[in-house]
Amino acid sequence: MSKEFETVIGLEVHAELKTESKIFCSCSTAFGAEPNSQVCPFCAGFPGALPVLNEKVLELAIRTGIALNCEIPEYCKFDRKNYFYPDLPAAYQISQFDQPVCKNGYLEIDLDGEIKRIRINRAHMEEDAGKLVHQGDITTTPFSLVDLNRCGIGLLEIVSEPDMRSAREARAYLEKLRSILLFAGVSDCKMQEGSLRCDANISVRPAGQEELGTRTEIKNLNSFRSLERAIEYEARRHVEAIEDGEELLQETRTWDEEKQLTRSMRSKEEADDYRYFPDPDLPPLRISRERIEEIRRQMPELPDAAQERLVETYGLPHYDAAILTTTPDYLEFFDRVIKIYPDAKVVSNWMMSELNKYLNQSNLEISDCLLKPEKLAEMLQLIDDGTISGKMAKTVFAEMFNSGKSAPEVVKEKGMVQISDEKALSAIIESIVNGNPKVVEDYRNGKEKAFGFFVGQVMKATRGQANPAVVNKLLKEKLK
Amino acid sequence: MDLYKLTVHELQDKLLAGEITSEDIVKSLFSRIAVVEEKAQAFITLCEETAWESARRIDQQGEYGGIKGIPYGLKDLFCTRGIKTTCASRMLENFVPSYESTASKLLNEKGGILLGKLNLDEFAMGSSTEQSAFFPSRNPWDWERVPGGSSGGCAAAVAAGEIPFALASDTGGSIRQPASYCGIVGLKPTYGRVSRWGVAAFASSLDQVGILSRNVRDCALILKIIAGKDPLDASSADIEVPDYSAFLDGEVKGMRIAYPREYFRQGVTESIRTAVMKALRKFEELGAIVEEVSLPHSEYALPAYFIVAPAEASTNLARFDGVRYGWRDGEAANVADMFSLSRAQGFGPEVKRRIMLGTYALSSGYYDAYYLKAMKVRRLIAADFAEVFRDFDLIVSPTTPTTAFQLGEQIDDTLTLYMNDALTVPVNMAGLPGISIPCALDDGLPVGMQLIGRAFDEATLLKAAYAFEQNTDYHRLTPVPGGGINE
């Protein structure tokens, strides 16, 4: 992107709140049920059915407010946002317009060691809409199927200030927000399942200019990657338009994942008038200071505190600490390994390299993974006591990850015990050295590489089970 | 014996005494309906089969008391499980709910027997039932006159002897005005006193479930059954429900009654003014202290109401979009057309008028000037009442400016029609309880007196109304079908 322009980004994030039942009725929120099996007269918009606030939703909203350093006003209220759409049964969404439950907060992102504070304008409670299934565009499809299971699931919409200046910062913000929401226990934050959704507001302006440029809103950002790509694409589009003297429209655009570009959805002129007004079915909420303090006392450890703990207690680099605190499950895995195997850096290395590699490959969450932390600790001990080499451990790890077996089991099954017996190894070395007089000569003439040849041959002869340290020692003696 | 003429308490006594069965009552009422319904046009749906079945079951058990074994009617915007609930609209002509309103559920649990669903102005928007999508109901005192509205079907049925009592809703006078026109008792309790769950919403901050009955005593009995906190309605109040019947001692001695001068002007006819003043003198005779007061902001209640109520209605009725239930235009080419065509065909003119008014009032740029301002006016109206209630126990006024008007007389004169609610609307705007009881006949037509009480003090309201009733005979007057007076 052109150097003389600055990108300005703000994000609107919808997090599905982790509650058993919906925000205004007692229907289940379970994911993946038969279409329209979790629906009642209220969430299907039948006449006479009324909303009653799920207290758990309010608690989770307050918890989020605390985690995001927000003010939690004494009063907040619900408003109706009116518009017609087949996935919105009442033809209004119950949301919070001018008096949200949380406002004026912030979170901090780490940009290569530099901490940047991103302000949060507000977080408010609202209900989700249903899901439509149809071919292509809704205006041309022959029919459309409506699934109302998701309708009325409690959401928290978290709106940042336009404080981000690059796709990378936006991604760091969303990752940090996700960690915080996970640690606070308020949302599952599964982008694939739609329990964390993100819209980006983007504008560009000449560097040094105070006034913001024309803003577009981008929807349908279903992964961290599409967030980054879409912002990069959109910023480039804005810069090009400005440089070509074209007028930018304030509009809503959608990210086309397939074509990797943004497309116009609707312009500001076409924007709906939502006719917000206080929902007369729901009395305003008064949140006492005592209640907030009570929830504050019960707050779980949050990512920043956890990172600090890892650095302080184990002397881990900030980089490691940040990765280990991506999710509470990941941190818990670390904490459980470290209880048994106390070398934090070794544990961190194994988690960041091998464990992450296999989790990514298999697309698994750490909580679903067969490999349990206690078993990783046991494997690390086997390396330390010389039973297996570091190299063998990688094979063992792969098997443990796939089958959930313990390291000793895998080692035994595969006959992978390391050979450290000097007598046995000496005999093998003897025969290899004797069988390659020319290479011995090369080595003695100063060709260091020849040493590696012998190590390789010993390993080959022992199917990799020879203890490398012992082999090194014996070879050196032999070749002296 | 003409059981259809009896009140709930009279029926209860006979059941307890073993003189009659619930089946006898059902039989008598259906016979009565067979005679007068052709004229009254009160019912949209009759529940004959289930009514007989319930009566037989209760008779087999043989235990009576309260409303057990006694039939009732429901304004057809109370959702009834398995029974068509139309809101007198094409939109819901074939709508059968899978759930039951809390109020009717409470009656059913006490052994009340639903006899049928009663006519109303479409979605409760109107003052005559002439806005019903199906047919207008008629006033039993004069078949050529309206029974009032929107709960006109309920009032006509109770007055004509088709049903001993009915539940209805009151948003701006929809219970009290028809009660007044039909010479019966109509109670709108305090906002939040009775659950609104399962009652199709018109204006959520004003709607309240109430009762139409032949006398105050029945009203007190039924209120006790339906009042109270409902976990399904966040706006229902968690305030203790007293035994209202225990307050009915016929005494008003020392009670402080105010009459607001503004409520005797606003187009109130001379004879109604005189009738209510006479009723006030009756209270004085009975030992009450009666004084004139002022409720200066009440004159703004009607214009403010016609912002607030349509605004809320415009969003409450937005759910009728043809997607999940109700009227759907089958020819629409796309989803946007389906929305607009279904709504254009499913709603009648008055409903459309109010949806448009309300949509406008909530529109961006107009919200502050209309809705917000109306809500401020509302606070002023409530403050006026609160001021008076510091010194008085009760406020008395006429219920309506006129007696029942002719069918068709006001149908094209929307403003005059809206004026019918001028004296009842302020009570809804302030969320207070109000009751209309018959206090005179004017040229053969009933005149209603409105009593307004403190929030959640229905007990005082009923006590005073009962005392008046005990010392007068107006509640005993019943119409002879086709005109004239019985007894």
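Criteria and thresholds
- Residues numbered from 1 in each chain as written.
- Chains lettered and ligands numbered in written order.
- Predicted model: local features only at pLDDT ≥ 70, side-chain atom pairs only at ≥ 80, totals over all residues.
- Helix = DSSP H or I, 4+ residues; strand = E, 2+ residues; numbered from the N terminus.
- Rg over C-alpha atoms; globule rule 2.2 N^0.38 Å.
- Buried ≥ 20, exposed ≤ 12 C-beta atoms within 10 Å, placed from the backbone.
- Contact = placed C-beta atoms within 7 Å.
- Pairing = 2+ DSSP bridges.
- Right-handed = clockwise from strand over helix to strand, strands pointing away.
- pLDDT = per-residue confidence, 0-100.
- Core = buried A, V, L, I, M, F, W, Y, C linked by C-beta atoms within 7 Å.
- UniProt positions renumbered as here; feature names shortened; annotations may be inferred.
- Nonpolar A, V, L, I, M, F, W, Y, C, P; charged D, E, K, R; others polar.
- Axes fitted to C-alpha atoms, helices over the stretch in contact; angles between N-to-C directions.
- Expected span 1.5 Å × (residues − 1).
- Parallel < 35°, antiparallel > 145°, perpendicular 65-115°, else oblique.
- Domains from an automatic or database assignment.
- Arc of directions from axis to C-beta.

Student: Summarise the overall build of chain B; cite the residues concerned and give the values.
Tutor: Each helix and strand counted, chain B has 15 helices and 13 strands in total. Taking 487 residues into account, the globule formula puts the C-alpha radius of gyration at 23 Å, and chain B, at 21 Å, falls close to it. Seen through its C-alpha atoms, chain B measures out along the principal axes to roughly 65 × 55 × 45 Å. A buried classification covers 62% of the 487 residues belonging to chain B. Within chain B, counting contacts between residues at least 6 apart in sequence, those at least 24 apart form 76% of the total.

Student: Can you lay out the overall build of chain A for me, pointing to particular residues and giving the numbers?
Tutor: Tallying secondary structure elements over chain A gives 15 helices and 15 strands in all. Relative to its length of 480 residues, chain A is extended, with a C-alpha radius of gyration of 29 Å against a globular reference of 23 Å. Overall, chain A is about 90 × 55 × 50 Å in size when its C-alpha atoms are taken along their principal axes.

Student: Give me the pairing of strand 3 (residues 113-118) of chain B: which residues, what numbers.
Tutor: Residues and elements named next belong to chain B. Strand 3 sits mainly inside the fold: six of its six residues count as buried. Across three bridges, strand 1 (residues 43-46) lies against strand 3 in antiparallel orientation. By the bridge assignment, leucine 46 is partnered in strand 3 with glycine 116. For the crossover from strand 2 (residues 71-75) across helix 4 (residues 102-109) to strand 3, the handedness is right-handed.

Student: Tell me what's going on with the sheet that holds strand 4 (residues 92-95) of chain A, and back it up with residues and numbers.
Tutor: Within a beta sheet, neighbouring strands are joined by backbone hydrogen bonds and run either parallel or antiparallel to one another. Residues and elements named next belong to chain A. If you trace the three strands from one edge of the open sheet to the other, you get 4-3-14, paired in antiparallel fashion. Strand pairing shows two members of the sheet lacking a second neighbour, strand 4 and strand 14 (277-278), which therefore form its edges. Summarising the sheet, strand 3 (residues 79-82) and strand 14 pair through two bridges and their orientation is antiparallel. Bridging across to strand 14, arginine 80 finds its partner in phenylalanine 277.

Student: For the confidence of the model for chain B, give the residues involved together with the corresponding values.
Tutor: Residues and elements named next belong to chain B. Scored by pLDDT, chain B has a mean of 95; 98% of the residues are at 70 or more. Ignoring residues within four places in sequence, the model shows residues 482-487, a span with pLDDT below 50, making 11 contacts including any to other chains. Our summary of model confidence lists the complex with pTM equal to 0.91 and ipTM equal to 0.95.

Student: Tell me about the nonpolar core, residues and numbers included.
Tutor: In this structure, B:Ala157, B:Ala166 and B:Leu212 are the most contacted members of the largest nonpolar core, which totals 164 residues. Considering every element that reaches this core, the biggest residue donor is helix 9 (residues 301-316) of chain B, with 10 residues. Setting aside anything within four residues of it in sequence, one finds B:Ala166 in contact with B:Tyr72, B:Gly73, B:Leu74, B:Lys75, B:Leu118, B:Cys154, B:Ala157, B:Val158 and B:Leu212. Counting 74 residues, the second largest nonpolar core, distinct from the first, contains A:Ile9, A:Cys25, A:Tyr173 and A:Phe183.

Student: So what's going on with the UniProt feature "domain: Asn/Gln amidotransferase" (unreviewed entry) in chain A? Residues and values would help.
Tutor: With numbering matched to this structure, UniProt assigns "domain: Asn/Gln amidotransferase" (unreviewed entry) to residues 332-479 of chain A. End-to-end, the C-alpha atoms of residues 332-479 of chain A are 49 Å apart, and along that stretch the chain is 73% helix and 0% strand.

Student: Provide a residue-level description of the environment of B:Ala464, including the pertinent values.
Tutor: Residue and element names in this part refer to chain B. Along the polypeptide, alanine 464 turns up in helix 15 (residues 458-470). For the pair alanine 464 and valine 252, spaced 212 residues apart in the sequence, the C-alpha separation amounts to 6.0 Å. Excluding residues within four positions of it along the chain, alanine 464 makes contact with Val252, Met255, Leu394 and Leu451.

Student: Which residues make up the interface of chain B and chain A, and what values go with them?
Tutor: In this assembly, 35 residues from chain B lie in contact with 29 residues from chain A. Elements with a contribution of two residues or more to the side of chain B that touches chain A: helix 9, helix 10 (335-346) and helix 11 (349-362) of chain B. Of the residues contributing to the side of chain B that touches chain A, the split by class is 18 nonpolar, 11 polar and six charged.

Student: Describe in detail the sheet that holds strand 4 (residues 165-170) of chain B, supporting the description with residues and values.
Tutor: All names here are of chain B. Pairing is mixed in the open sheet, where 11 strands are placed in the order 1-3-2-4-6-5-10-11-9-7-8. The sheet is open, and its two edges are formed by strand 1 and strand 8 (289-293), each paired on a single side. Neighbour to neighbour, the strand axes of the sheet diverge by 30° on average, direction disregarded. Note: strand 7 (residues 256-260) against strand 9 (residues 394-398), two bridges, orientation parallel. When the sheet's bridge partners are listed, alanine 258 is paired in strand 9 with isoleucine 395. Sitting on the sheet, helix 3 (residues 48-61) touches strand 1, strand 2 and strand 3, and the angle it makes with strand 3 is about 160°. Contacts between helix 5 (residues 152-159) and the sheet are confined to strand 1, strand 2, strand 3, strand 4 and strand 6 (208-213), with strand 4 contributing the most and set at about 155° to the helix.

Student: For helix 7 (residues 328-340) of chain A, give the residues involved together with the corresponding values.
Tutor: For helix 7 of chain A, spanning 13 residues, the distance from its first C-alpha to its last is 19 Å, which sits close to the expected 18 Å at 1.5 Å a residue. Where the residues of helix 7 of chain A are buried, they touch helix 2 (167-183), helix 5 (303-314), helix 6 (318-324), helix 8 (344-362) and helix 9 (373-384) of chain A.

Student: Please give an account of the packing of helix 13 (residues 437-444) of chain A against helix 14 (residues 449-461) of chain A that cites residues and values.
Tutor: Residues and elements named next belong to chain A. Two elements in contact, helix 13 and helix 14, have axes separated by 8 Å at closest approach and are oriented at 140°. The angle between the axes of helix 13 and helix 14 places the two elements in the oblique class. On helix 14, the residues that touch Val439, Asp442 and Tyr443 of helix 13 are Ala450, Phe451 and Phe453. For the contact of helix 13 with helix 14, the per-class residue count stands at five nonpolar, no polar and one charged.

Student: Would you mind going over the domain arrangement of chain A in detail, with residue names and values included?
Tutor: When the domains of chain A are assigned, the result is domain 1 (5-293), domain 2 (301-413) and domain 3 (422-479). Averaged C-alpha coordinates put domain 2 of chain A and domain 3 of chain A at centres separated by 34 Å.

Student: Give me the lowdown on the packing of helix 1 (residues 55-67) of chain A against helix 4 (residues 289-297) of chain A, citing residues and values where you can.
Tutor: All names here are of chain A. Close contact between helix 1 and helix 4 brings their axes to 10 Å; oriented N to C, the two are set at 70°. Compared by their axis directions, helix 1 and helix 4 come out roughly perpendicular. On the side of helix 1, the interface is formed by Glu59, Ile62, Arg63 and Ile66, while helix 4 contributes Ile292, Ile295 and Arg296.

Student: Hey, could you go over helix 14 of chain A for me, with residue numbers and the actual values?
Tutor: All names here are of chain A. Spanning 13 residues, helix 14 covers 19 Å between terminal C-alpha atoms, matching the ideal 18 Å at 1.5 Å per step. Restricting attention to buried positions, one finds in helix 14 the residues Phe454, Gln457 and Val458. For helix 14, the angular spread of buried residues about the axis comes to 100°, placing them on one side. Away from the buried face of helix 14 by more than 90 degrees, exposed residues Lys449, Gly452, Gly456 and Lys460 are located. Elements that come into contact with the buried residues of helix 14 comprise helix 12 (422-435) and helix 15 (468-479).

Student: Can you break down unusual backbone geometry residue by residue, with the values?
Tutor: Leaving glycine out, the prevailing phi sign among residues is negative, and the prevailing peptide bond configuration is trans. The omega angle of the peptide bond from B:Gly149 to B:Ser150 is 10°, so this bond is cis rather than trans. Within the element layout of this structure, B:Ser150 appears in the loop between strand 3 and helix 5. The phi dihedral of A:Asn69 is positive, around 55°, even though this residue is not glycine. Counting through the fold element by element, A:Asn69 comes out in the loop between helix 1 and strand 2 (75-76). Although it is not a glycine, A:Asn104 adopts a positive phi angle of roughly 50°.

Student: Talk me through the environment of A:Ile72; I want residue IDs and the actual numbers.
Tutor: All names here are of chain A. Checked against the element boundaries, isoleucine 72 lands in the loop between helix 1 and strand 2. Between the C-alpha atom of isoleucine 72 and that of leucine 261, which follows or precedes it by 189 residues, the distance is 39 Å. Apart from the residues within four sequence positions on either side, isoleucine 72 is in contact with Ile62, Gly65, Val101, Cys102, Ile287 and Ile292.

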